[in-house]
Amino acid sequence: MNKHMKIVVSTLFIVIILLTVAISRFYSDTTKTTKKGSAQTDIEKTHGSDALGNKIFENSGGLYGIIDSSERIIVAPEWSELSFADNGKCIAKTKLKNTLLSGCIDYEGNIVIPLIYKNINKNLSGNLLFYTAEVASDGSWVVYDKNFNPYFKHSW
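What counts, and at which threshold
- Residues numbered from 1 in each chain as written.
- Predicted model: local features only at pLDDT ≥ 70, side-chain atom pairs only at ≥ 80, totals over all residues.
- Heavy atoms only, no water.
- Helix = DSSP H or I, 4+ residues; strand = E, 2+ residues; numbered from the N terminus.
- Buried < 20%, exposed > 50% of the residue type's maximum accessible area, 1.4 Å probe, protein only.
- Pairing = 2+ DSSP bridges.
- Axes fitted to C-alpha atoms, helices over the stretch in contact; angles between N-to-C directions.
- Contact = heavy atoms within 4.5 Å.
- pLDDT = per-residue confidence, 0-100.

Q: What should I look at first to understand the environment of Val-142 in this one?
A: Relative to the helices and strands, Val-142 is located in strand β10 (residues 141-145). Relative accessible area serves as the criterion here: at 12%, Val-142 is assigned to the buried category. The sequence separation of Val-142 and Lys-153 amounts to eleven residues, and the corresponding C-alpha distance is 9.1 Å.

What follows is the structure in structure tokens.
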């Protein structure tokens, strides 16, 4: 091996070691620090679970969130009510301007359906599953499929 080749091999070896150290820091076990620490939200009660073992929980302030099967919080407790829907989504209610409004969130807390509805109801007709949502502002209705895509382009 010539001098230049030794320098290249040495440099690559050092880079590989540095990358290994950097990657191992990202994959370190953090469950011991986040499981039941003092900074974590308290879980007063759990309400129901889905097929994946996720549970809706209520904190001491009466707000609802979602924990996974390892009891790690996946949706922060900021909702007045939560109920499981289909395909990794929940029907969420929160108080806005003294009015309880409904919408839909995913398991990351992202709003999938805006919080503009008076209520959202799950309906089953034969093998057809759909959701009906009453708009709070004008009383019209929107029909959603099981993935929360609107069936029609307009509301009634």
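Q: How should I be thinking about the sheet that holds strand β2 (residues 55-58) in this particular structure?
A: Hydrogen bonds along the backbone pair up the strands of a sheet, which may run parallel or antiparallel. A sheet is described by the order of its strands in space; here four strands give the open sequence β1-β2-β3-β4, paired in antiparallel fashion. Whereas interior strands pair on both sides, the edge strands pair on one side only; in this sheet they are β1 (45-49) and β4 (73-79). Strand-to-strand twist across the sheet, computed as the mean angle between neighbouring axes with direction ignored, equals 25°. One ladder, built from four bridges, connects β1 with β2; its direction is antiparallel. Opposite Ser-49, over in β2, you have Lys-55 as the bridge partner.

Q: Would you take a moment to explain the environment of Leu-100 for this structure?
A: Along the chain, Leu-100 turns up in strand β7 (residues 99-106). The class for Leu-100 is partly exposed, based on a relative accessible area of 33%. As for Leu-100 and Asn-119, which are separated by 19 residues in sequence, their C-alpha atoms are 8.8 Å apart. Filtering out sequence-adjacent residues up to four positions away, Leu-100 remains in contact with Ser-80, Glu-81, Lys-93, Thr-94, Lys-95, Tyr-117 and Lys-118.

Q: Just checking my understanding: could you explain the confidence of the model for the chain for this structure?
A: Detailed conclusions should not be drawn from predicted coordinates in areas where pLDDT is low. Model confidence for the chain is summarised by a mean pLDDT of 83, while 87% of its residues fall at 70 or above. Across the chain, the secondary-structure element scoring lowest on mean pLDDT is helix α2 (residues 31-34), at 48, and the one scoring highest is β7, at 92. Every residue in residues 32-39 scores below 50 in pLDDT, and together they form four contacts with partners more than four places removed in sequence or on other chains.

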